[in-house]
Amino acid sequence: MNYTESSPLTQSTAIGFTPELESIIPVPSNETTCENWREIHHLVFHVANIFFTIGLVIPTTLHLHMILLRGMLAIGCTLYIVWATLYRCALDIMIWNSVFLGVNILHLSYLLYKKRPVKIEKELSGIYRRLFEPLRVPPDLFRRLTGQFCMIQTLKKGQTYAAEDKTSVDDRLSILLKGKMKVSYRGHFLHNIYPCAFIDSPEFRSTQMHKGEKFQVTIIADDNCRFLCWSRERLTYFLESEPFLYEIFRYLIGKDITNKLYSLNDPTLNDKKAKKLEHQLSLCTQISMLEMRNSIASSSDSDDGLHQFLRGTASMSSLHVPSPHQRGSAKMKPIEEGVEDDDEVFEPVSPNALKVHQLP
């Protein structure tokens, strides 16, 4: 019988080369399976992912949403760096997370800088809380408004802020900070100006399209006064670059003119009463202060012309919003008319020409 005996060399050759040949044979990709899962990563890896998850699920309605998000991402990147350096020894993971950490720290620093508390001067804090803070004006924007092209000036009792037919209205816009001023026309008292109120808001509004006009009233300090004064030209340029603040100024000046009209109807109106009237509507809001003063000037130089105008404006405002702070004169008859034309209010009439119209 013939048989072939395998030699030890053959056996050693088969044993030595068979595993290497098998490793060269390609395995189809569709047959690749994860039969042996690697061990779970270190706890630091999982804690980092927990911080990432917390940062991503923070609701956007939260006031500090972006600050918390960037803070969570920064903590997660820091833990990833620790995990990649100490437990994984992966240089690429460490480098990429170092870049992410730097970006998040820069953004977080910028957000914290924007949220820093802005210190407002004590003398200006009153007008900020009274006028600008309720309208959501940020403190940094208010500081920019009051930190440039404006100054705080002082007037002693009896000194004149503006003289009628002499002082130009194109130079400034002011807010009274302390004291009291009185406004008069040809020696006739019109109304007072109290702190946190604009001094020359009617002139600022009425001369936006007409330059070179003069004050039609005289404004005198009734006490030692301090006021914040803006350069009108520079303030106009600044408001053009800040549309939000421009609308805020339009609203504040319009409301201030309305309060002055209330004060004109009731000269005894004090600062506390004026605060209560801020939210009340009146037909007086449709009246231009320039027309009012022109009407006074064109009516008569005598006392009768002024008193007739004041009586006419008081009657008109009482048609729509009867204010509890307005006192009716015993000589005035009640007006039962539903609507009164503005032209009739400002038309100079004699006391004998006043008639009472009744609704049909």
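On a predicted model such as this, the values are computed, not experimentally measured, just so you know.

Okay, the overall build of the protein chain next. Across its full length, the protein chain holds 13 helices and seven strands. Expressed as a percentage of the 360 residues in the protein chain, the buried residues total 38%. Here the contacts in the protein chain between residues at least 6 apart in sequence split such that 72% fall between residues at least 24 apart. Of the roughly 23,000 Å² of accessible surface on the protein chain, 57% is carried by carbon and sulfur atoms.

So, about the UniProt feature "transmembrane region" (unreviewed entry) in the protein chain. Residues annotated by UniProt as "transmembrane region" (unreviewed entry) correspond here to residues 40-60, 67-87 and 93-113. With 71% helix and 0% strand, the stretch residues 40-60 has end C-alpha atoms that lie 34 Å from each other. Here residues 67-87 runs as 100% helix and 0% strand, with 30 Å between its end C-alpha atoms.

Attention shifts here to the pattern of salt bridges. Pairing of side chains with opposite charge becomes possible as their charged atoms draw close. A full pass over the atoms with the stated rule returns four salt bridges. For R144, the salt bridge identified is with E242, shortest N-O distance 3.1 Å. Of this pair, R144 sits in helix α6 (residues 139-147) while E242 sits in the loop between α8 (232-241) and α9 (243-265); the two residues are 98 residues apart in sequence, bridging distant segments of the chain. For E242, a relative accessible area of 17% puts it in the buried group. For the salt bridge of D256 with K260, the shortest nitrogen-to-oxygen distance reads 2.5 Å. You can see D256 and its partner K260 sitting in helix α9, four residues apart, about one turn around the helix. Accessibility expressed as a relative area gives 7% for D256, which makes it buried. A relative accessible area of 5% places K260 in the buried class.

This paragraph deals with the side chain of T258. Among the structural elements, T258 can be located in helix α9. Among the polar contacts made by the side chain of T258, one reaches the main-chain carbonyl oxygen of G254 at a distance of 3.0 Å.

As a further point, take the confidence of the model for the protein chain. The share of residues in the protein chain with pLDDT of 70 or more is 64%, and the mean pLDDT across the chain is 74. When pLDDT is averaged over each helix and strand of the protein chain, the minimum, 41, is found for helix α13 (residues 342-346) and the maximum, 94, for strand β6 (residues 218-221). Segment residues 1-28: pLDDT under 50, and one contact once partners within four positions in sequence are set aside and those in other chains are kept. The low-confidence segment residues 277-290, where pLDDT is below 50, has 36 contacts with residues more than four positions distant or belonging to other chains.

Helix length check: helix α2 (residues 43-57) (15 residues) gives 21 Å between terminal C-alpha atoms against 21 Å at 1.5 Å per residue, within 8%. Looking at α2, one finds that the buried residues are V44, F45, A48, F52 and G55. Taken end-on, α2 shows its buried residues confined to a sector of 105°, consistent with a single buried face. Residues of α2 that are exposed and point more than 90 degrees away from the buried face comprise L43 and V57. On its buried side, α2 packs onto α3 (65-88).

Looking now at the sheet that holds strand β7 (residues 225-231). Ordered by their spatial adjacency, three strands build an open sheet running β1-β7-β3, and the pairing between neighbours is antiparallel. At either margin of the open sheet sits one strand with a lone partner, and together these are β1 (150-155) and β3 (172-178). Going across the sheet, the axis of each strand differs from the next one's by a mean of 30°, ignoring polarity. Note that β3 and β7 share six bridges and pair antiparallel. Looking across to β7, one finds that K178 is bridged to R226. Sitting on the sheet, helix α5 (residues 122-132) touches β1, β3 and β7, and the angle it makes with β3 is about 105°.

What counts, and at which threshold
Residues numbered from 1 in each chain as written. Predicted model: local features only at pLDDT ≥ 70, side-chain atom pairs only at ≥ 80, totals over all residues. Heavy atoms only, no water. Helix = DSSP H or I, 4+ residues; strand = E, 2+ residues; numbered from the N terminus. Buried < 20%, exposed > 50% of the residue type's maximum accessible area, 1.4 Å probe, protein only. Contact = heavy atoms within 4.5 Å. Areas by Shrake-Rupley, 256 points an atom, 1.4 Å probe, with all protein chains shown as cover. UniProt positions renumbered as here; feature names shortened; annotations may be inferred. Salt bridge = Lys/Arg side-chain N within 4 Å of Asp/Glu carboxyl O. Polar contact = N/O pair within 3.5 Å; in protein donor to acceptor, adjacent residues only side chain to side chain. pLDDT = per-residue confidence, 0-100. Expected span 1.5 Å × (residues − 1). Arc of directions from axis to C-beta. Pairing = 2+ DSSP bridges. Axes fitted to C-alpha atoms, helices over the stretch in contact; angles between N-to-C directions.

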